[in-house]
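What follows is each chain in one-letter form.
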Amino acid sequence: MRLYLSPGACSLAAHIALHEADADFEHERVDLKSKRTASGSDFTAINPKGYVPALVLDDGQSITENVAVLDWIAEQYSLGGFDGPLARTRLLEALAFVSSEIHKSFKPLFAGGSDDERSKARVAVARRLQFFVDRLDGDYVAGERFSVVDCYLLVMLLWSEKLRIEIPEKLAAYRQRLMTRPSVQKALQQEAT
Ligand SMILES: N[C@@H](CCC(=O)N[C@@H](CS)C(=O)NCC(=O)O)C(=O)O
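This structure is a prediction, so every number in the text was calculated from the model and none was measured. (Residues numbered from 1 in each chain as written. Predicted model: local features only at pLDDT ≥ 70, side-chain atom pairs only at ≥ 80, totals over all residues. Heavy atoms only, no water.)

> How should I be thinking about the pattern of salt bridges in this particular structure?
Side chains that carry opposite charge are capable of pairing whenever their charged atoms lie near each other. For the coordinates displayed, the defined rule picks out 12 salt bridges. Measuring nitrogen to oxygen at the nearest pair gives 2.7 Å for the salt bridge that ties aspartate 71 to arginine 88. Taken together, the residues span a long stretch of sequence, with aspartate 71 in helix 2 (residues 66-77) and arginine 88 in helix 3 (residues 87-103) at a distance of 17 residues. Residue class for aspartate 71 comes out buried when judged on its relative accessible area of 9%. Across the pair glutamate 101 and arginine 128 runs a salt bridge, and its minimum N-O distance is 2.9 Å. You can see glutamate 101 sitting in helix 3 and its partner arginine 128 sitting in helix 5 (residues 115-135), a full 27 residues away along the chain. For glutamate 101, a relative accessible area of 28% corresponds to the partly exposed category. On the basis of relative accessibility, which here comes to 29%, the residue arginine 128 falls in the partly exposed class. By sharing partners, the salt bridges in this structure join Arg2, Glu26 and Glu28 into a single network. (Salt bridge = Lys/Arg side-chain N within 4 Å of Asp/Glu carboxyl O. Helix = DSSP H or I, 4+ residues; strand = E, 2+ residues; numbered from the N terminus. Buried < 20%, exposed > 50% of the residue type's maximum accessible area, 1.4 Å probe, protein only.)

So, in structure tokens, the structure goes:
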């Protein structure tokens, strides 16, 4: 399978998750402006929506949208983290929250919003992240087990760091904890070179 990504973008979450799963995969960069892949293909033929991540499976089918890509990885490689009869629901609930409430809140900060939009976005991101401060009981979002939600939330925290959005100590410690994982180090190294 092949993951289409852009360095440091939200596709980093799936990249980390695939390393965490020790999955057999390749990755290829996408130039998000020209919509061309590193090997020169038209990325819109792979994902007509034109954005990363896109995960192309060995049978040629492709999966897009962070929630779907991460849920698929969780299902295939037991990286769902949550337990109990509502495990899958809890996973989707957490992924949807990161996607629609946190990830989307960054948009004005990356997409040239006005000063007002940017300052509102910073407040919105900080307020949404606070939810996890109140919720984190164990080392990970799901409790004691690492999951694909941690991959996605880590990317949000790395963006916060880059944009100097202050995060509470508890989340800074969580971010630090995740940064020591070999999967995170490997994905970051591959995206940096
Ligand atoms: N709804 C999509 C959004 C993905 C997204 O925002 N991708 C960004 C990188 S973080 C991107 O590729 N932007 C380029 C573009 O939209 O042209 C998802 O959750 O997968």
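Next comes the rest of the description.
> Hey, could you run me through the environment of arginine 177 in this one?
Relative to the assigned elements, arginine 177 resides in helix 7 (residues 169-179). Under the relative-accessibility criterion, arginine 177 is labelled partly exposed at 31%. When the C-alpha positions of arginine 177 and aspartate 139 are compared, they lie 8.1 Å apart, and in sequence the two are 38 residues distant. Sequence-distant contacts of arginine 177, that is, excluding residues within four places in its chain, are made with Gly138 and Asp139. (Contact = heavy atoms within 4.5 Å.)

By themselves, these are just geometric observations and shouldn't be taken as functional.
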